[in-house]
Structures are given as C-alpha cells and as structure tokens.
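Understanding the architecture of this molecule
The chain contents come next:
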Amino acid sequence: MIMILNQKGEIMISRQYRDDVSRVAADSFRLQVIAAKEASSQPPIKRIENCSFLYTRHLNMYFVALTKSNVNPALVFEYLFQKIRILKAYLGEDFDENSMRNNMTLIYELMDETMDFGYPQNCAVDVLRLYINLGNVKPQDEPEPQQLTKQITGAIDWRREGLRYKKAEVYIDVLESVNLLISSTGSILRSEVTGRVQMNTKLTGMPECKFGLNDKLVIDKEGATGRNKTGVEIDDCTFHRCVRLGKFDADRTITFIPPDGEFELMRYRVNDNVNLPFRLIPTVQEEGQTKCSINLKVIANFSEKLFATHVVIKVPVPKNTSKSKIKNSFGRAKYEPEQNAIVWRIKRFPGKAECMLSADLELVRTVRPKAWDRPPINVDFQVPMFTASGVHVRFLRVYDKAGYHTNRWVRYITKAGGYQIKI
C-alpha cells in the first residue's frame with residue numbers, strides 16, 4: 001500500500017495494491033511517527049503492529065509504503081524516490097499539497113501505471129508522458145499504438161524511435177577523483193581513484209554502440225594476437241541500465257543503445273598503480289612556544305605538455321598564530337586566520353614544475369601550553385587531459401542501419417577528492 005500524507009497526518013492519496021494492510025494503519029503512523037516528531041531524528045523505517053512503514057519526505061508531505069511482507073527496503077525507497085521524481089516532472093520541482101489535490105486523477109493514473117500488485121513497473125518519465133499527458137490534446141507526433149506498446153513493455157524505454165540529427169556526434173568525458181592520504185613519514189596510507197564516464201549523444205535512429213577502455217582483462221585477452229599494451233585493473237563497475245550486463249559479464253564488452261542527450265554511462269574504481277598528480281614534501285620545525293617555520297615543496301608529476309588549474313593548497317598553522325612571513329615561488333599565498341591555515345592559490349601549474357613555499361610564524365604564548373595536533377595539508381586541483389588511474393578510451397564504435405559517420409570527442413579531467421598529506 002502506498003500513501004501520501006500531509007504534515008497533519010491526513011491521508012491525501014492512497015492506493016492499496018494488496019489486501020494485507022488497510023487505511024486504519026495510517027492512524028498508527030500518524031500517532032507514532034508524525035505526532036511524535038520522529039521523522040527527522042529516527043531512521044525512515046518503522047515497525048508498528050507487524051506492519052513495516054517505509055517513508056520519505058518532500059516539503060511537508062510524507063510518501064509512505066506499508067507492507068507486512070519481507071520486502072527489499074532499497075527497492076521500496078528507490079520506488080518512492082522515483083515517484084517523487086515523476087511528480088516533479090508533471091507538477092513542478094516544488095509541488096505542494098494544493099497542487100496534489102488539484103491533480104488527483106493524474107496522480108492515481110501515475111500510481112496505477114508505476115506499480116502493479118506491489119511490483120514496480122514503468123517509472124520512465126519520457127514513456128509515461130506518451131500516454132499520460134494531463135488530459136491535453138494528443139501531440140502531432142504521438143507514436144502508433146504498436147510502437148507505444150513496444151516502448152512501454154520493451155527493454156528500451158530510455159530512447160524513443162524517430163530521432164534525427166544533421167550531424168552524428170558523441171561527446172565523452174572521463175571524470176576522475178583522486179583520494180590520497182600520506183603519513184608524516186611519507187608512506188601512502190590510502191590511494192584510490194573513483195571515476196565516471198559521462199556521455200552526450202546526438203545520434204540518429206536506434207544505433208548500437210560498443211565502448212572500450214584499456215581494461216587489463218580485455219588487454220590480456222588481446223595479448224595473444226600480438227598487441228603489446230598495458231591495461232588498468234578496473235574494479236567496482238556500475239553501469240547505466242542501457243548497458244547489456246550479460247555481454248559485459250561474458251567478455252567485458254560494454255555494449256548499449258544510448259539514451260538521447262546527456263547521461264552517465266558507468267562508474268568505476270582503481271586502487272593499484274595510481275599516478276599521483278602532485279607530490280608534496282613538507283617540513284615543520286617548532287621553536288619553543290613562540291616560533292614555528294614551515295617549508296613546503298610541491299612537484300607536478302604529470303607531463304610538461306599539461307597544466308593544472310585552480311590549485312589550492314591549505315597548509316595548517318597553529319591556532320595561536322599572530323604573525324606570518326610567507327615567501328613562495330609563484331601564485332599567491334596568504335595566512336587566513338578563519339581557516340587556521342596558509343592558503344596558497346595557483347591559477348596555472350605547469351607539468352613537471354617545482355615550487356616552494358616557506359613561512360615563518362610568530363605564536364602567542366598561551367597560559368596553558370598545548371601541543372599542536374598538526375592537521376593534514378589539503379590540496380585541491382583540476383588537471384585536464386590527465387587520468388590518475390591511467391584509464392583511457394580505446395574505441396567507440398557506432399553501428400546503425402544507415403551507416404552514417406560519427407564524430408567523437410573525448411575529454412579527460414582529474415580532480416582532487418580527499419588529497420591529504422600529514423605533517
């Protein structure tokens with residue numbers, strides 16, 4: 001059973017898909033969750049009288065799923081989130097109680113189409129709009145009943161037929177985030193790269209795409225044919241639902257019919273052989289309770305043909321710092337008391353370059369001396385056309401009946417995630 005309640009606990013809309021629960025159970029939810037003000041402080045799952053309540057909020061409304069079965073909570077919450085996303089598409093981002101009451105018929109239609117006998121069905125907004133259109137006049141390009149049935153029941157509801165473009169273009173962005181933690185002795189405590197592949201497709205018809213990365217398992221298979229290329233061990237791959245997982249499990253081939261426009265094709269993680277964009281060598285010397293000197297050397301490990309942008313290095317200083325004398329080779333460095341750090345900003349950092357920063361600090365003597373806990377140095381940066389994992393796009397092949405030529409553009413960007421060096 002799915003219910004939508006207002007902030008008073010009154011049922012605005014409910015749909016009972018099975019006969020194991022009734023509307024009377026809503027009173028228990030109103031008294032023990034809404035009236036008790038548990039929604040913001042307790043987990044969004046409540047067990048009341050052998051009935052499980054799973055709920056989430058949108059503005060001042062509660063979207064609640066009731067069941068006595070042993071269901072998968074992740075599936076239930078995903079359906080509730082999808083329901084909110086669908087209502088946002090129909091009623092606006094900030095739909096409220098009044099807009100819900102003014103569109104009761106539409107909402108009941110959506111509830112019937114998105115769930116059947118307690119099982120989630122079609123939650124794709126683009127497909128729902130084809131036959132649930134707020135009662136307006138049917139659009140001129142409405143598909144034939146046979147095509148509509150195919151889109152609703154078929155596996156390709158993320159792309160509609162009949163798309164046409166003058167130029168066939170595909171834009172690929174490989175976006176990576178480097179997470180690093182280095183101890184004060186220089187040993188690497190944690191090093192990993194999380195990445196995602198963003199695509200923007202402008203293709204005619206219903207093409208099938210085959211996408212290839214320099215995956216180590218695939219490269220090793222092709223090694224028997226005489227090719228000598230190094231691969232990357234790619235872990236924890238998650239894909240857009242358009243990817244045929246059976247093909248990937250069988251031979252690590254990423255095959256799919258792409259959605260139109262922008263979408264995220266996949267995510268991945270790499271733990272081994274991470275190419276760190278920057279190497280930092282800090283030295284800190286405390287002279288009694290009134291002086292402290294910090295020296296930092298930064299080395300760019302990427303090619304001299306590349307450069308990093310928006311580099312921000314935050315070097316922590318003691319909280320009782322009163323004055324600072326800073327020297328740096330390039331960029332701008334400034335002591336910012338509100339952050340208890342020297343913030344060093346470099347707009348453009350060339351590859352293979354080295355730069356130095358030295359700071360002499362004067363400290364205020366405290367009544368109760370306390371050892372400085374020395375927080376880590378934090379680094380933020382962005383390096384275009386560089387991948388810390390070594391992942392590269394090997395190919396993108398587009399197969400279509402028309403056999404048109406496709407223009408492909410690939411861009412790589414590596415950013416800092418948690419890039420920290422202890423001092």
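Whatever comes next refers back to the structure up there.
Here we summarise the structure given alongside this text. What you see is a predicted model; the values in this text were computed from it and never measured.

Looking down a regular strand, the side chains alternate between one sheet face and the other. Relative to strand β9 (residues 188–202), strand β8 (residues 168–182) runs antiparallel, the two being bridged by 14 bridges. Each residue of the ladder has a partner; that of valine 174, found in β9, is valine 197. Connecting β8 to the antiparallel partner β9 that follows it, the hairpin turn spans five residues, and glycine 186 within it adopts a positive phi of roughly 100 degrees.

Attention shifts here to helix α4 (residues 104–114). For α4, every residue scored as buried is listed here: Leu106, Ile107, Leu110, Met111 and Thr114. Seen from one end, α4 has its buried residues packed into an arc of 135 degrees, which puts them on one side.

Another point: the sheet that holds strand β15 (residues 291–300). Pairing within the open sheet is antiparallel, and its four strands lie in the order β14-β15-β20-β17. The open sheet has two edge strands, β14 (278–287) and β17 (321–328), and neither has a second partner. Along the sheet, successive strands turn relative to each other by an average axial angle of 15 degrees, direction set aside.

Two strands pair when backbone bridges link them, and β14 and β15 are joined in this way by ten bridges, in the antiparallel orientation. Bridged to arginine 279 within β15 is isoleucine 299. In sequence, β14 turns back onto β15 through a hairpin of three residues, with glycine 288 there showing a positive phi of about 70 degrees.

Given two aromatic rings, their pairing is described by the distance between the two centres and the angle made by the two planes. Considering all chains together, one arrives at 15 aromatic pairs under this definition. Both rings, one in phenylalanine 63 and one in phenylalanine 95, keep their centres 6.4 Å apart while their planes meet at 90 degrees; by these two values the pair is edge-to-face. Within this pair, whereas phenylalanine 63 is found in strand β5 (residues 61–67), its partner phenylalanine 95 is found in the loop between α2 (73–91) and α3 (97–101), the two being separated by 32 residues in sequence. Accessibility expressed as a relative area gives 1% for phenylalanine 63, which makes it buried. Residue classification places phenylalanine 95 among the buried residues on the basis of a relative accessible area of 1%. Aromatic pair phenylalanine 117 and tyrosine 119: ring centres 6.4 Å apart, planes at 40 degrees, arrangement tilted. Geometry around tyrosine 90 places arginine 129 over its ring, the cationic atom sitting 5.9 Å from the centre.

Within the fold, glutamate 176 resides in strand β8. Buried charge without a salt bridge: glutamate 176, with arginine 196 as the nearest opposite-charge side chain at an N-O distance of 11 Å. Within the local environment of glutamate 176, its side chain forms a polar contact with the side chain of serine 389, the two groups lying 2.4 Å apart. Here glutamate 176 is in contact with Val193, Thr194, Gly195, Tyr268, Thr387, Ala388, Ser389, Val391, Ile413, Thr414 and Lys415, once residues within four sequence places are set aside.

Before going further, it helps to spend a moment on the sheet that holds strand β12 (residues 254–256). The three strands lie next to each other as β12-β10-β22, forming an open sheet whose pairing is antiparallel. Every interior strand has two partners, whereas the edge strands, β12 and β22 (393–399), have only one. Across the sheet, the mean angle from the axis of one strand to that of its neighbour is 15 degrees, orientation sign disregarded. In terms of strand pairing, strand β10 (residues 208–213) meets β12 through three bridges, oriented antiparallel. Following the sheet pairing, phenylalanine 211 is matched in β12 by isoleucine 254.

Rules of the game
- Residues numbered from 1 in each chain as written.
- Predicted model: local features only at pLDDT ≥ 70, side-chain atom pairs only at ≥ 80, totals over all residues.
- Heavy atoms only, no water.
- Pairing = 2+ DSSP bridges.
- Helix = DSSP H or I, 4+ residues; strand = E, 2+ residues; numbered from the N terminus.
- Buried < 20%, exposed > 50% of the residue type's maximum accessible area, 1.4 Å probe, protein only.
- Arc of directions from axis to C-beta.
- Axes fitted to C-alpha atoms, helices over the stretch in contact; angles between N-to-C directions.
- Phe/Tyr/Trp six-rings, centres within 6.5 Å; stacked < 30°, edge-to-face > 60°.
- Lys NZ or Arg CZ within 6 Å of the ring centre and 35° of its normal.
- Lys, Arg positive; Asp, Glu negative; His and termini not counted.
- Salt bridge = Lys/Arg side-chain N within 4 Å of Asp/Glu carboxyl O.
- Polar contact = N/O pair within 3.5 Å; in protein donor to acceptor, adjacent residues only side chain to side chain.
- Contact = heavy atoms within 4.5 Å.

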